[in-house]
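Close look at the chain arrangement
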Amino acid sequence: MLKPEEVTSAIQKEIQKYETKLRMESVGYVLQVGDGIARAYGLEKAMAGELVEFPDETKGMVFNLELDNVGIVILGSDLKIKEGDVVKRTGRIIQTPVGKALWGRVVNPLGEPLDGKGPVATDKFRPIETVPPSVIRRQPVKEPLQTGIKAIDSMIPIGRGQRELIIGDRQTGKTAILIDTILNQKKTGVHSIYVAIGQKLSSVVAVVETLEKHGALDYTTVVVASSEDPAPLQYIAPYAGCAIGEEDLYNGGHALVMYDDLSKHAQAYRQLSLLLQRPPGREAYPGDVFYLHSRLLERAAKLRDNLGGGSLTALPVIETQLGDISAYIPTNVISITDGQIYLESDLFYAGIRPAINVGLSVSRVGGNAQTKVMKQVAGMLRLSLAQYRELAAFSQLSTDLDKATQDQLTRGERMTEILKQDILDPFPLARQVIVIFSGNEGLLDNLPLAQVKAFEKGLLAFLDQKYAAIEHEIDSKKVLDDALKSKLKSAIVEFKNQFKK
């Protein structure tokens, strides 16, 4: 028989083991839902940009804080959410996974994998919205970021930490420039992040396959919010891509992030704003659409050396309608970036590819970031090409031209020809220098125009075989001294003599 004191001690032991599992949760209730938007009441302490959870584990982001309710954008399907459902606060501002685990992966803006390679194994997260580095923490852009595209690296150079806009109509080769730039980062240690916003899934798959085929996916992260994804995911996609790049920036690494494209991003934001009844402004975009892009692009920077010297370079893309660069979104983004590369459909259809309009394209800091050897050979290239375009238009009206004008037209034609480049064929710096040097020195002037591309190809193969040291010397010295110049010139002349035979 049990003694009373034994019972008492057993009960006391149990009481000591027992602890309350009471937990306070801040919850709200859905008032209405539809079109990817939910309104909830009861979330008085919710923060702007906070992640909330619906009963079916769908995530949402607090977007509007009003007096009697909270506007939530739903990051997924809203089909299973109904009026009266409980919405839970998570206490976390929306964030995305970052780190080496994302290299070679295709993910959505929340870091969930889309490539079937299993979960992303990382314990590092960054909020998708952060304050850009201050003026004091930055240094001027002075280190080149080679794209491998002759026309860009010679005339509109891009530096690490720069923001260079790529603008043009649809189907003018904007994405092709981005892909070539990614391929050219193969041995540079630059982490490329390609953000696809509102694109067809078939286009995204084609990009991923191209990168995989050329071995470029290993150092690339692809963030996808396709056209079938809800507007909230398209809205957060570029910020998530930027946060992934900032992991490199603040740890002394180098990242290149590409937003393809910000026109669709602005449209997704307009959709959300109108559904949440924010007042519309010009072209029905909300009043803060400029801030939408400026707070994204200002996060690109080159940090000071004592802070690691990391860099984040941004290449935003804007699609114009019928070449109208004075529309609302294009002018906004042009005013935020450090220059633009303008692609023109007329040039594209005329066979000049990449179809870069040299007159309207500009890099506002690139000259500082250009290597000395490229400055030497391409210093006057922009000006001479612009003069050639003007002369070419004028010469159509006139029949008899003096020799100087005729020579300038001949040189301009040859230079335009050597700046043409096939896609998926990025050129290393030394090769670009050799090709532009041969045109500048007038060594192509007496070649038939149709043979210029064949000459370029043959010349590079000939130098690889017989004078490999020249390319190596240009690469290591990064400057063309007189001895190297004469060596290169005589090698080109030697090839030219056998080419003509």
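Just above sits the structure.
These numbers come from a predicted model, not from an experiment. Residues take numbers from 1 onward in each chain, read along the sequence in its written order. Owing to the predicted nature of the model, reporting of local features is limited to residues with pLDDT of at least 70; listing and counting of side-chain atom pairs is limited to 80 or more, with chain, interface and lining totals taken over all residues. Note that the side-chain values use all heavy atoms of the structure and ignore hydrogens as well as water.

1. Quick word on the sheet that holds strand β6 (residues 86–93)
For two strands to pair, DSSP has to find at least two bridges joining them. Elements are defined by DSSP. Helices are runs of H or I of four residues or more, strands are runs of E of two residues or more, and each kind is numbered from the N terminus. Ordered by their spatial adjacency, six strands build a closed barrel running β1-β2-β5-β4-β3-β6, and the pairing between neighbours is antiparallel. Neighbouring strand axes in the sheet, compared pairwise and without regard to direction, differ in orientation by 45° on average. Note: strand β4 (residues 59–65) against strand β5 (residues 70–74), five bridges, orientation antiparallel. When the sheet's bridge partners are listed, V62 is paired in β5 with I72. Running over the sheet, helix α6 (residues 262–275) touches β2 (37–41), β4 and β5 and is turned about 40° from β2. Lines fitted to C-alpha atoms define the axes, with helix axes restricted to the stretch in contact, and inter-axis angles between N-to-C directions lie between 0 and 180 degrees. Residue contacts follow a heavy-atom distance rule, with two residues in contact if any of their heavy atoms lie within 4.5 Å.

2. A word on the pairing of β6
It is a general feature of regular strands that their side chains alternate between the two faces of the sheet. Both strand β1 (residues 27–34) and β6 contribute to a ladder of three bridges, which runs antiparallel. Of the residues in β6, the one forming a bridge with V27 is K88. The sheet contact formed by strand β3 (residues 50–53) and β6 spans three bridges and is antiparallel. By the bridge assignment, V52 is partnered in β6 with R89.

3. Observations concerning helix α5 (residues 231–249)
Side chains that are three or four residues apart share a direction in an α-helix, a result of its 3.6 residues per turn. Along its 19 residues, α5 runs 28 Å from first to last C-alpha, staying within 8% of the 27 Å computed at 1.5 Å per residue. Values of bend correspond, residue by residue, to the angle between axes fitted over the seven residues ending at that residue and the seven starting there. Maximum bend of α5: about 35°, positioned at A237, with proline P238 one to four residues after it. Whether a residue is buried, partly exposed or exposed follows from its accessible area with a 1.4 Å probe, protein chains only, as a fraction of its type maximum: under 20%, in between, or over 50%, in that order. The buried count for α5 comes to 19 of 19 residues, which makes it a mostly enclosed element. Expected span of a helix: the number of residues minus one, times 1.5 Å.

4. Some words on helix α16 (residues 482–500)
Relative to the 27 Å expected for 19 residues at 1.5 Å per residue, α16 spans 27 Å between its end C-alpha atoms, a close match to the ideal helical length. In this structure, the buried residues of α16 make contact with α13 (429–440), α14 (452–466) and α15 (468–477).

5. Looking at the layout of surface pockets
Cavity means a closed set of points on a 1 Å grid over the protein atoms alone, one where a 1.4 Å probe fits but cannot get out, pocket means an open set with protein on both sides within 12 Å along at least 5 of 7 lines, and lining means a residue has an atom within 4 Å of a point. Grid points are joined across faces, edges and corners, and a volume is the space filled by probe spheres set on the points. In this structure, the largest pocket spans a volume of roughly 850 Å³. Of all the secondary structure elements, the ones that give two or more residues to the lining of the largest pocket are α3 (174–183), α4 (201–213) and β15 (311–319). Here the element with the most residues in the lining of the largest pocket is α3; it accounts for six residues. Here the nonpolar group is Ala, Val, Leu, Ile, Met, Phe, Trp, Tyr, Cys and Pro; Asp, Glu, Lys and Arg are the charged ones; every other residue, Gly included, is treated as polar. Looking at the lining of the largest pocket, its residues break down into 12 nonpolar, 10 polar and 10 charged. Here the second largest pocket defines a volume of roughly 580 Å³. Considering only residue class, the lining of the second largest pocket consists of eight nonpolar, six polar and six charged.

6. Thoughts on the environment of K478
Its location among the elements puts K478 in the loop between α15 and α16. Beyond its immediate chain neighbours, meaning those up to four positions away, K478 contacts T371, K372, V373, L429 and E473. For this analysis, a polar contact is any N or O atom pair within 3.5 Å, provided that within protein one partner can donate a hydrogen and the other can accept it, and provided that sequence-adjacent residues contribute only side-chain to side-chain pairs. Of note is the side chain of K478, whose polar atom sits 2.8 Å from the backbone oxygen of D475.

7. Observations concerning the packing of α13 against α15
Direction vectors running N to C along α13 and α15 enclose 110°, while the axes themselves pass 9 Å from each other. One finds that α13 runs roughly perpendicular with respect to α15. The two elements α13 and α15 meet at a crossing, and its hand is right-handed. Contacts between α13 and α15 involve A430, R431, V433 and I434 on the former and, on the latter, E471, I474 and D475. Residues belonging to the contact of α13 with α15 are distributed by class as follows: four nonpolar, no polar and three charged. Here roughly perpendicular refers to angles of 65 to 115 degrees, roughly parallel to angles under 35, roughly antiparallel to angles over 145, and oblique to all remaining angles. Helix crossings are classified by the rotation of the near helix relative to the far one: an anticlockwise turn of less than a right angle makes the crossing left-handed, while a clockwise turn makes it right-handed.

8. Let's talk about the pattern of salt bridges
When a carboxyl oxygen of Asp or Glu lies within 4 Å of a side-chain nitrogen of Lys or Arg, that pair is called a salt bridge. All chains considered together, the criterion is met by 27 salt bridges. A salt bridge links K403 to D407, with the nearest nitrogen and oxygen atoms 2.9 Å apart. On the criterion of helical spacing, the pair formed by K403 and D407 is a turn pair, its members being four residues apart in helix α12 (residues 403–418). Under the relative-accessibility criterion, K403 is labelled exposed at 62%. Through salt bridges with shared partners, a single network forms among E473, K477, D481 and K487.

9. Thoughts on the packing of aromatic side chains
Think of a pair of aromatic rings as described by two things: how far the centres are apart, and how the planes are tilted against each other in angle. Side-chain rings of Phe, Tyr and Trp (the six-membered ring for Trp) are treated as a pair once their centres are within 6.5 Å; stacked means planes under 30 degrees apart, edge-to-face means over 60, and tilted covers the remaining angles. Following the criterion strictly, the structure yields 12 aromatic pairs and no others. Here the aromatic rings of F462 and F495 are separated by 5.4 Å at their centres, their planes lie at 35°, and the arrangement is tilted. Placement of the pair is F462 in helix α14 and F495 in helix α16, with a sequence separation of 33 residues. On the basis of an interplanar angle of 35° and a centroid distance of 5.6 Å, the ring pair of F495 and F499 is categorised as tilted. In this pair, F495 and F499 are both assigned in helix α16, four residues apart and thus about one turn of the helix distant. Relative accessible area serves as the criterion here: at 25%, F499 is assigned to the partly exposed category.

10. With respect to the nonpolar core
Grouping buried Ala, Val, Leu, Ile, Met, Phe, Trp, Tyr and Cys residues that are joined through side-chain atoms within 4.5 Å yields what is termed a nonpolar core. Judged by nonpolar contacts, the single largest core of 71 residues is most densely connected at L211, I341 and I474. Considering every element that reaches this core, the biggest residue donor is α13, with seven residues. Apart from the residues lying within four places of it in its own chain, the contact partners of I474 are V373, A430, V433, I434, V479, L480, L484 and L488. Of all hydrophobic cores here, the second largest spans 55 residues; its members include L51, L165, L249 and A266.

11. Things to note about the environment of A38
As for its position among the elements, A38 is in strand β2. Spatially, the C-alpha atoms of A38 and V70 are 8.3 Å apart, while their sequence positions differ by 32 residues. Aside from chain neighbours lying at most four places away, what touches A38 is Q32, V33, F54, V70, G71, I72 and I74.

12. A closer look at the environment of V131
Residue position: V131 is located in the loop between β9 (125–127) and α2 (150–155). With 168 residues separating them in the primary sequence, V131 and R299 have C-alpha atoms 7.4 Å apart.

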